[in-house]
Amino acid sequence: MTPVVDMPAGFTSERRYYAFSRFLRARFGCKVYRVTIDAGFTCPNVDGTVTVGGCVFCDNRSFSPNRRLPRTTIREQVKRGIAILQERYGAEHFLAYFQAATNTYAPVDKLRRFYDEALDHPQIVGLAIGTRPDCLPDPVLALLERYARERYVCLEIGLQSMHDRSLDWMNRGHHFDAFLDAVQRCQGRGLDLCAHVILGLPGETRDDMLATANALAALPIDAVKIHNLHVVKDTPLEKMHAAGEARMLERDEYVGLVCDFLERLPPRMVIHRLNGDAPPDYLVAPLWCLDKPGLLQAIHDELARRSSWQGKHFASKKNGE
(Lines give C-alpha, C1' and ligand atoms only; values in the text may rest on other atoms or scores of the structure.)
Protein backbone atom coordinates (compact mmCIF):
# COMPACT_ATOMS: atom_id res chain seq x y z
CA MET A 1 0.00 0.00 0.00
CA THR A 2 1.31 3.43 -0.95
CA PRO A 3 1.77 5.90 1.90
CA VAL A 4 0.03 9.24 1.70
CA VAL A 5 2.46 12.19 1.67
CA ASP A 6 2.98 13.86 5.06
CA MET A 7 1.27 11.11 7.08
CA PRO A 8 3.30 9.51 9.88
CA ALA A 9 5.36 6.44 9.03
CA GLY A 10 3.22 3.32 9.02
CA PHE A 11 0.01 5.11 8.08
CA THR A 12 -1.46 4.43 4.65
CA SER A 13 -4.32 5.69 2.54
CA GLU A 14 -6.28 2.64 3.71
CA ARG A 15 -5.44 3.00 7.42
CA ARG A 16 -5.00 6.56 8.65
CA TYR A 17 -4.64 5.74 12.33
CA TYR A 18 -2.53 3.47 14.51
CA ALA A 19 -4.67 0.34 14.76
CA PHE A 20 -4.29 -2.11 17.65
CA SER A 21 -3.87 -4.98 15.17
CA ARG A 22 -0.79 -3.26 13.72
CA PHE A 23 0.64 -2.67 17.20
CA LEU A 24 0.17 -6.32 18.21
CA ARG A 25 1.75 -7.62 15.02
CA ALA A 26 4.76 -5.36 15.56
CA ARG A 27 5.03 -6.39 19.21
CA PHE A 28 4.66 -10.15 18.76
CA GLY A 29 5.53 -10.71 15.11
CA CYS A 30 2.14 -12.26 14.37
CA LYS A 31 -1.59 -11.71 14.79
CA VAL A 32 -2.74 -11.81 18.41
CA TYR A 33 -6.37 -12.16 19.49
CA ARG A 34 -8.10 -11.43 22.79
CA VAL A 35 -9.80 -14.19 24.74
CA THR A 36 -12.47 -12.60 26.94
CA ILE A 37 -12.72 -13.71 30.55
CA ASP A 38 -15.42 -13.08 33.13
CA ALA A 39 -13.87 -13.63 36.56
CA GLY A 40 -17.07 -12.72 38.40
CA PHE A 41 -15.95 -9.29 39.63
CA THR A 42 -18.32 -6.48 40.56
CA CYS A 43 -17.72 -2.71 40.80
CA PRO A 44 -17.60 -0.25 43.71
CA ASN A 45 -20.46 1.74 42.17
CA VAL A 46 -22.56 -1.45 42.12
CA ASP A 47 -21.90 -3.02 45.51
CA GLY A 48 -22.40 0.19 47.49
CA THR A 49 -18.76 0.90 48.34
CA VAL A 50 -18.95 4.14 46.35
CA THR A 51 -22.56 4.19 45.19
CA VAL A 52 -25.17 1.75 43.92
CA GLY A 53 -26.75 1.02 40.56
CA GLY A 54 -23.60 1.03 38.42
CA CYS A 55 -23.02 3.27 35.42
CA VAL A 56 -26.29 4.28 33.78
CA PHE A 57 -25.33 2.73 30.44
CA CYS A 58 -23.87 -0.53 31.69
CA ASP A 59 -25.08 -4.11 31.48
CA ASN A 60 -22.01 -6.35 31.42
CA ARG A 61 -23.94 -9.00 29.49
CA SER A 62 -24.18 -6.63 26.53
CA PHE A 63 -20.41 -6.47 25.94
CA SER A 64 -18.98 -9.52 27.71
CA PRO A 65 -19.92 -12.80 25.99
CA ASN A 66 -18.90 -14.87 28.99
CA ARG A 67 -21.37 -13.05 31.25
CA ARG A 68 -24.15 -14.35 29.02
CA LEU A 69 -23.06 -17.95 29.67
CA PRO A 70 -22.99 -20.11 32.80
CA ARG A 71 -19.79 -19.12 34.59
CA THR A 72 -16.95 -21.61 34.44
CA THR A 73 -13.38 -21.50 35.71
CA ILE A 74 -10.91 -19.09 34.15
CA ARG A 75 -8.95 -22.04 32.81
CA GLU A 76 -12.04 -23.38 31.06
CA GLN A 77 -12.96 -19.95 29.66
CA VAL A 78 -9.46 -19.58 28.22
CA LYS A 79 -9.55 -23.04 26.69
CA ARG A 80 -13.00 -22.48 25.19
CA GLY A 81 -12.14 -19.02 23.85
CA ILE A 82 -8.93 -20.21 22.22
CA ALA A 83 -10.74 -23.12 20.57
CA ILE A 84 -13.33 -20.76 19.07
CA LEU A 85 -10.75 -18.28 17.79
CA GLN A 86 -8.54 -21.01 16.38
CA GLU A 87 -11.44 -22.47 14.43
CA ARG A 88 -12.58 -19.06 13.19
CA TYR A 89 -9.24 -17.40 12.40
CA GLY A 90 -6.55 -20.04 12.69
CA ALA A 91 -5.13 -18.00 15.57
CA GLU A 92 -2.23 -19.22 17.68
CA HIS A 93 -1.40 -16.43 20.15
CA PHE A 94 -3.76 -14.70 22.56
CA LEU A 95 -4.18 -12.11 25.28
CA ALA A 96 -6.25 -13.06 28.32
CA TYR A 97 -8.75 -10.20 28.43
CA PHE A 98 -10.33 -9.71 31.85
CA GLN A 99 -13.24 -7.67 30.54
CA ALA A 100 -16.43 -7.75 32.60
CA ALA A 101 -16.82 -5.33 35.54
CA THR A 102 -13.76 -4.06 37.48
CA ASN A 103 -10.95 -6.59 37.19
CA THR A 104 -8.64 -5.18 39.86
CA TYR A 105 -11.39 -4.89 42.48
CA ALA A 106 -10.32 -7.73 44.79
CA PRO A 107 -7.56 -8.62 47.25
CA VAL A 108 -4.14 -9.03 45.67
CA ASP A 109 -3.94 -12.76 46.48
CA LYS A 110 -7.20 -13.39 44.65
CA LEU A 111 -6.10 -11.33 41.66
CA ARG A 112 -2.82 -13.23 41.51
CA ARG A 113 -4.64 -16.58 41.44
CA PHE A 114 -6.92 -15.43 38.63
CA TYR A 115 -4.17 -13.89 36.50
CA ASP A 116 -1.87 -16.89 37.02
CA GLU A 117 -4.62 -19.27 35.96
CA ALA A 118 -5.10 -17.37 32.71
CA LEU A 119 -1.37 -17.12 32.01
CA ASP A 120 -0.92 -20.82 32.62
CA HIS A 121 -2.13 -21.63 29.11
CA PRO A 122 0.94 -21.83 26.81
CA GLN A 123 -0.73 -19.81 24.02
CA ILE A 124 -1.51 -16.82 26.28
CA VAL A 125 1.17 -14.20 25.68
CA GLY A 126 -0.11 -11.42 27.93
CA LEU A 127 -2.89 -9.82 29.92
CA ALA A 128 -5.46 -7.13 29.16
CA ILE A 129 -7.26 -5.93 32.28
CA GLY A 130 -10.26 -3.64 32.33
CA THR A 131 -10.70 -1.53 35.46
CA ARG A 132 -11.54 1.85 37.01
CA PRO A 133 -9.04 4.51 38.06
CA ASP A 134 -10.22 4.37 41.68
CA CYS A 135 -9.51 0.61 41.92
CA LEU A 136 -5.76 0.66 41.41
CA PRO A 137 -4.14 0.74 44.84
CA ASP A 138 -0.36 0.52 44.95
CA PRO A 139 -0.26 -3.20 45.95
CA VAL A 140 -2.31 -4.06 42.85
CA LEU A 141 -0.02 -1.96 40.65
CA ALA A 142 2.99 -3.70 42.19
CA LEU A 143 1.47 -7.06 41.24
CA LEU A 144 0.87 -5.92 37.65
CA GLU A 145 4.39 -4.53 37.48
CA ARG A 146 5.78 -7.96 38.35
CA TYR A 147 3.81 -9.54 35.50
CA ALA A 148 4.95 -6.81 33.12
CA ARG A 149 8.59 -7.72 33.65
CA GLU A 150 8.02 -10.90 31.65
CA ARG A 151 4.69 -10.47 29.87
CA TYR A 152 2.78 -7.85 27.96
CA VAL A 153 0.24 -6.20 30.29
CA CYS A 154 -2.34 -3.74 29.01
CA LEU A 155 -4.28 -1.91 31.69
CA GLU A 156 -7.54 -0.51 30.34
CA ILE A 157 -8.77 2.32 32.54
CA GLY A 158 -12.31 3.62 32.19
CA LEU A 159 -12.23 7.41 31.95
CA GLN A 160 -15.25 8.01 29.66
CA SER A 161 -14.94 11.81 29.92
CA MET A 162 -12.71 14.41 31.53
CA HIS A 163 -15.78 16.38 32.63
CA ASP A 164 -16.86 15.72 36.21
CA ARG A 165 -20.47 16.68 35.48
CA SER A 166 -20.63 13.89 32.88
CA LEU A 167 -19.08 11.40 35.30
CA ASP A 168 -21.70 12.41 37.86
CA TRP A 169 -24.48 11.98 35.29
CA MET A 170 -23.40 8.44 34.51
CA ASN A 171 -23.12 7.54 38.22
CA ARG A 172 -19.46 6.79 37.75
CA GLY A 173 -18.50 7.32 41.37
CA HIS A 174 -15.19 9.07 40.67
CA HIS A 175 -13.95 12.26 39.02
CA PHE A 176 -11.22 13.10 36.53
CA ASP A 177 -8.68 13.61 39.29
CA ALA A 178 -8.87 9.88 40.09
CA PHE A 179 -7.85 9.10 36.51
CA LEU A 180 -4.94 11.54 36.64
CA ASP A 181 -3.77 10.01 39.90
CA ALA A 182 -3.96 6.47 38.52
CA VAL A 183 -2.03 7.37 35.38
CA GLN A 184 0.69 9.05 37.43
CA ARG A 185 1.09 6.05 39.74
CA CYS A 186 1.26 3.65 36.78
CA GLN A 187 4.35 5.35 35.36
CA GLY A 188 7.59 3.35 35.28
CA ARG A 189 5.87 -0.01 35.82
CA GLY A 190 6.06 -1.36 32.27
CA LEU A 191 2.30 -1.23 31.72
CA ASP A 192 0.55 -0.25 28.51
CA LEU A 193 -2.19 2.19 29.51
CA CYS A 194 -5.38 2.35 27.49
CA ALA A 195 -8.09 4.93 28.28
CA HIS A 196 -11.77 4.28 27.53
CA VAL A 197 -13.80 7.28 26.36
CA ILE A 198 -17.42 7.76 25.29
CA LEU A 199 -18.58 10.27 22.71
CA GLY A 200 -22.13 11.58 22.71
CA LEU A 201 -22.74 11.94 26.44
CA PRO A 202 -25.80 14.14 27.15
CA GLY A 203 -24.86 17.74 27.80
CA GLU A 204 -21.45 17.51 26.14
CA THR A 205 -20.77 19.75 23.18
CA ARG A 206 -18.27 19.03 20.43
CA ASP A 207 -15.79 21.28 22.24
CA ASP A 208 -16.33 19.32 25.45
CA MET A 209 -15.57 16.02 23.72
CA LEU A 210 -12.50 17.40 22.00
CA ALA A 211 -11.29 18.75 25.35
CA THR A 212 -11.17 15.12 26.48
CA ALA A 213 -9.10 14.30 23.38
CA ASN A 214 -6.69 17.14 24.13
CA ALA A 215 -6.42 16.05 27.77
CA LEU A 216 -5.54 12.49 26.78
CA ALA A 217 -3.06 13.72 24.19
CA ALA A 218 -1.16 15.56 26.94
CA LEU A 219 -0.93 12.50 29.21
CA PRO A 220 1.45 9.51 29.15
CA ILE A 221 -1.28 7.25 27.73
CA ASP A 222 -0.36 4.52 25.24
CA ALA A 223 -3.77 3.75 23.75
CA VAL A 224 -7.43 4.69 23.64
CA LYS A 225 -10.76 2.96 23.09
CA ILE A 226 -13.41 5.25 21.63
CA HIS A 227 -17.08 4.32 22.05
CA ASN A 228 -20.33 5.91 20.96
CA LEU A 229 -22.92 6.16 23.71
CA HIS A 230 -25.49 3.47 23.01
CA VAL A 231 -28.54 2.19 24.85
CA VAL A 232 -28.93 -1.39 26.00
CA LYS A 233 -31.99 -2.97 27.54
CA ASP A 234 -32.71 -2.97 31.26
CA THR A 235 -30.42 -0.05 32.12
CA PRO A 236 -31.22 3.38 33.58
CA LEU A 237 -30.14 4.83 30.24
CA GLU A 238 -32.94 2.93 28.49
CA LYS A 239 -35.48 4.75 30.67
CA MET A 240 -33.77 8.11 30.06
CA HIS A 241 -33.77 7.50 26.33
CA ALA A 242 -37.44 6.50 26.30
CA ALA A 243 -38.27 9.71 28.20
CA GLY A 244 -36.38 11.84 25.68
CA GLU A 245 -33.67 12.72 28.18
CA ALA A 246 -30.74 11.15 26.31
CA ARG A 247 -30.44 11.62 22.56
CA MET A 248 -28.13 9.29 20.66
CA LEU A 249 -25.85 10.69 17.98
CA GLU A 250 -26.71 10.15 14.34
CA ARG A 251 -24.13 8.12 12.45
CA ASP A 252 -22.80 11.07 10.44
CA GLU A 253 -22.42 13.09 13.63
CA TYR A 254 -20.43 10.31 15.25
CA VAL A 255 -18.22 9.79 12.20
CA GLY A 256 -17.30 13.47 12.22
CA LEU A 257 -16.61 13.47 15.96
CA VAL A 258 -14.41 10.38 15.79
CA CYS A 259 -12.34 11.97 13.06
CA ASP A 260 -12.08 15.22 15.04
CA PHE A 261 -11.00 13.18 18.07
CA LEU A 262 -8.39 11.17 16.15
CA GLU A 263 -6.89 14.30 14.64
CA ARG A 264 -6.05 15.56 18.13
CA LEU A 265 -4.39 12.40 19.44
CA PRO A 266 -0.66 11.83 18.99
CA PRO A 267 0.10 9.41 16.14
CA ARG A 268 1.98 7.14 18.56
CA MET A 269 -1.25 6.43 20.50
CA VAL A 270 -2.71 3.03 19.64
CA ILE A 271 -6.42 2.94 18.73
CA HIS A 272 -8.04 -0.16 20.22
CA ARG A 273 -11.59 0.63 19.09
CA LEU A 274 -13.50 3.27 17.17
CA ASN A 275 -17.06 2.42 18.19
CA GLY A 276 -19.22 0.72 20.76
CA ASP A 277 -21.99 -1.76 20.08
CA ALA A 278 -24.06 -4.52 21.62
CA PRO A 279 -25.69 -7.74 20.41
CA PRO A 280 -28.98 -7.13 18.55
CA ASP A 281 -31.05 -8.66 21.35
CA TYR A 282 -29.57 -6.16 23.85
CA LEU A 283 -29.26 -3.01 21.74
CA VAL A 284 -32.01 -0.38 21.87
CA ALA A 285 -30.34 2.53 20.04
CA PRO A 286 -28.72 3.67 17.83
CA LEU A 287 -29.23 0.80 15.41
CA TRP A 288 -26.56 2.09 13.04
CA CYS A 289 -23.83 0.81 15.35
CA LEU A 290 -24.80 -2.77 14.42
CA ASP A 291 -23.12 -2.19 11.05
CA LYS A 292 -19.56 -2.05 12.33
CA PRO A 293 -17.84 -2.62 8.95
CA GLY A 294 -19.93 0.13 7.38
CA LEU A 295 -19.19 2.52 10.24
CA LEU A 296 -15.44 1.91 10.09
CA GLN A 297 -15.50 2.43 6.33
CA ALA A 298 -17.36 5.71 6.83
CA ILE A 299 -14.68 6.87 9.30
CA HIS A 300 -11.92 5.93 6.87
CA ASP A 301 -13.75 7.69 4.03
CA GLU A 302 -14.20 10.86 6.09
CA LEU A 303 -10.52 10.99 7.00
CA ALA A 304 -9.68 10.55 3.32
CA ARG A 305 -12.15 13.27 2.32
CA ARG A 306 -10.43 15.63 4.76
CA SER A 307 -6.95 14.52 3.63
CA SER A 308 -6.43 13.89 7.33
CA TRP A 309 -5.17 11.28 9.77
CA GLN A 310 -4.65 10.59 13.45
CA GLY A 311 -2.47 13.30 14.96
CA LYS A 312 -2.75 15.84 12.16
CA HIS A 313 -3.89 18.63 14.48
CA PHE A 314 -1.83 17.33 17.38
CA ALA A 315 1.29 17.92 15.29
CA SER A 316 0.06 21.37 14.27
CA LYS A 317 -0.50 22.27 17.91
CA LYS A 318 3.02 21.15 18.81
CA ASN A 319 4.41 23.37 16.07
CA GLY A 320 2.49 26.33 17.43
CA GLU A 321 0.22 26.64 14.40
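Everything discussed here concerns the structure shown above.
K.L.:
Please clarify how the pattern of salt bridges should be interpreted in this entry.
P.N.:
Close approach of charged atoms lets side chains of opposite charge pair. Scanning all chains against the criterion turns up 18 salt bridges. With its nearest N and O atoms 3.0 Å apart, the salt bridge here joins Arg247 to Glu253. When its relative accessible area of 32% is taken as the criterion, Glu253 is described as partly exposed.

K.L.:
Sorry, what's going on with helix α10 (residues 292-306) here?
P.N.:
Because each turn of an α-helix spans 3.6 residues, side chains separated by three or four positions in sequence point in the same direction. In a regular helix each residue adds 1.5 Å, so 15 residues correspond to 21 Å; α10 covers 21 Å between its end C-alpha atoms and thus fits that length. Listing the buried residues of α10 in full gives Leu295, Ala298, Ile299, His300, Glu302 and Leu303. Lining the buried residues of α10 we find α9 (251-263). Put simply, Asp291 is the residue that caps the front of α10, since its side-chain oxygen is 3.0 Å from the backbone nitrogen of Gly294. With its phi angle positive at about 55°, Ser307 sits one or two positions after the end of α10.

K.L.:
Help me understand the side chain of Arg172 in this model?
P.N.:
With respect to the helices, strands and loops of the structure, Arg172 is situated in the loop between α5 (164-169) and α6 (176-186). In this structure, Arg172 is buried with no salt-bridge partner, the nearest side chain bearing the opposite charge being Asp134 at 6.5 Å. Once you skip the residues sitting within four places of it in the chain, Arg172 turns out to touch Asn45, Cys55, Arg132, Gly158, Gln160 and Leu167.

K.L.:
Which parts of the structure should I look at to understand the nonpolar core?
P.N.:
Soluble globular proteins tend to pack their nonpolar side chains together in the buried interior. Phe98, Leu155, Phe179, Leu216 and Ile226 are the most contacted members of the largest nonpolar core, which has 79 residues in total. With 7 residues, the single largest contributor to this core is α9. If sequence neighbours within four positions are ignored, Phe98 has contacts with Ile37, Ala39, Ile74, Asn103, Phe114, Tyr115, Ala118, Leu127, Ala128, Ile129 and Gly130. Counting 18 residues, the second largest nonpolar core, distinct from the first, contains Val32, Tyr97, Val125 and Trp309.

K.L.:
Please explain α6 as it appears in this structure.
P.N.:
The set of residues buried in α6 consists of Phe176, Ala178, Phe179, Ala182, Val183, Arg185 and Cys186. Those residues of α6 that are buried are in contact with α4 (138-148), β4 (152-160), α5, β5 (192-199) and α7 (206-217). Count one or two residues on from α6 and you reach Gly188, which has phi positive near 80°.

K.L.:
I keep staring at the packing of α7 against α9 and nothing clicks. Help me out?
P.N.:
Packed helices, taken two at a time, are described by the angle between their axes plus the distance between the axes. At a minimum axis separation of 9 Å, α7 and α9 run at an interaxial angle of 30°. On the basis of their axis angle, the class for α7 and α9 is roughly parallel. In terms of crossing hand, the pair formed by α7 and α9 is right-handed. Judged by residue contacts, Arg206, Met209, Leu210, Thr212, Ala213 and Leu216 of α7 engage Leu257, Asp260 and Phe261 from α9. Here the contact of α7 with α9 is built from residues that sort into 6 nonpolar, 1 polar and 2 charged.

Criteria and thresholds
Residues numbered from 1 in each chain as written. Predicted model: local features only at pLDDT ≥ 70, side-chain atom pairs only at ≥ 80, totals over all residues. Heavy atoms only, no water. Salt bridge = Lys/Arg side-chain N within 4 Å of Asp/Glu carboxyl O. Buried < 20%, exposed > 50% of the residue type's maximum accessible area, 1.4 Å probe, protein only. Helix = DSSP H or I, 4+ residues; strand = E, 2+ residues; numbered from the N terminus. Expected span 1.5 Å × (residues − 1). Contact = heavy atoms within 4.5 Å. Polar contact = N/O pair within 3.5 Å; in protein donor to acceptor, adjacent residues only side chain to side chain. Lys, Arg positive; Asp, Glu negative; His and termini not counted. Core = buried A, V, L, I, M, F, W, Y, C linked by side-chain atoms within 4.5 Å. Axes fitted to C-alpha atoms, helices over the stretch in contact; angles between N-to-C directions. Parallel < 35°, antiparallel > 145°, perpendicular 65-115°, else oblique. Left-handed = near helix turned anticlockwise from the far one by under 90°. Nonpolar A, V, L, I, M, F, W, Y, C, P; charged D, E, K, R; others polar.

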